Each structure stands twice: as C-alpha cells, then as structure tokens.
Amino acid sequence: MLTRPFVAPLCLVLMADYPTQMRGVRTEDLAALGLEADAAWALAERQTLVDLPEPDRLDSIDESLVAVTEYDYVTSLLLNREGWRRAAAAVGGDLLVAVPSDEYVIVARRDVI
C-alpha cells in the first residue's frame, strides 16, 4: 500500500475508490495504469479536492467557529495546504482546525475560541 508522511505521526494512504468498495493502492496497480507514484498522488489530490470548498472561502471563518459538513471526503479538505495558507492570511492569524469525525471539519480563528 502506498503511503506518504502528512503531519507527524499521521500519514496519507493512496486509496482507490470503486462503486462498492475502497482499497489501498499498491505499486503494481500504478504500473497497470501507467502512472508513477508522484503522478498518482497528484491526480488523487486533485480529484479529491475538486468538489470541496476552498478554505479561504468558508463563510464566517473570520468571525466564528465554522463546521464544514455535507461534502463527500470533507476531511480531505486538510490536504489543501495553499487554501489554508490563504485562509490564515485572510483572517490575519492562526486557524484551529479539528476533525471530530469523518463527516465534519471544524475551523475557527485561534483567538475566537
């Protein structure tokens, strides 16, 4: 199974999403698709983030705690590093992000909490 470090001690797992199941991608799967590992990771990230909101465009992020829900793979929003950098810059400070379940991402300016 292909993995990459994320934020210590967490790692990312490259997954294949089929109509009735999901499973970890193996090196031999990439060979069959004609993909190198870096290209597969980039493709997976683009496909995962395409339907998620941009962090810097979350309503009320600069004034209150915001719960992001109702998106498939919403916790993958954490992968959008540039979006989080823009969001922090837009609110003028650090953001606190929590993932209490696979269906919620909670975001707030650190000084709002």
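Residues numbered from 1 in each chain as written. Predicted model: local features only at pLDDT ≥ 70, side-chain atom pairs only at ≥ 80, totals over all residues. Heavy atoms only, no water.

### Let's talk about the pairing of strand E6 (residues 95–101)
Of the pairings in the sheet, the one linking E6 to strand E7 (residues 104–109) comprises five bridges and is antiparallel in character. Bridge pairing in E7 links Leu-96 to Ala-108. A loop of two residues connects E6 with E7, the two strands running antiparallel in sequence. (Pairing = 2+ DSSP bridges. Helix = DSSP H or I, 4+ residues; strand = E, 2+ residues; numbered from the N terminus.)

### Thoughts on unusual backbone geometry
With omega at 5 degrees, the peptide bond leading from Ala-8 into Pro-9 counts as cis. Of note, Pro-9 is situated in the loop between strand E1 (3–5) and strand E2 (11–13). Unlike most non-glycine residues, Glu-70 shows phi in positive territory, near 65 degrees. With respect to the helices and strands, Glu-70 occurs in the loop between strand E5 (66–68) and helix H3 (81–91).

### Things to note about the pattern of salt bridges
One pass over the structure, following the stated rule, counts nine salt bridges. Among the ionic pairs, Asp-38 bridges to Arg-4, the shortest N-O distance being 2.4 Å. Here Asp-38 is found in helix H2 (residues 37–49), whereas its partner Arg-4 is found in strand E1, with 34 residues between them in sequence. With relative accessibility at 57%, the residue Asp-38 sits in the exposed group. (Salt bridge = Lys/Arg side-chain N within 4 Å of Asp/Glu carboxyl O. Buried < 20%, exposed > 50% of the residue type's maximum accessible area, 1.4 Å probe, protein only.)

### Quick look at the pairing of E7
The two faces of the sheet receive side chains in turn, since in a regular strand these alternate between them. Bridge count for E5 against E7 is three bridges, and the pairing is antiparallel. Looking at the pairing, Ala-67 lines up with Ile-106 of E7.

### Description of the side chain of Asn-80
Checked against the element boundaries, Asn-80 lands in the loop between E5 and H3. By relative accessible area, Asn-80 is classed as buried at 10%.

### Structural notes on the environment of Asp-94
Here Asp-94 is to be found in the loop between H3 and E6. Here the alpha-carbon distance between Asp-94 and Trp-84, two residues 10 residues apart in the chain, equals 9.8 Å. Discounting chain neighbours no more than four positions away, the residues touching Asp-94 are Ala-108, Arg-109 and Arg-110. (Contact = heavy atoms within 4.5 Å.)

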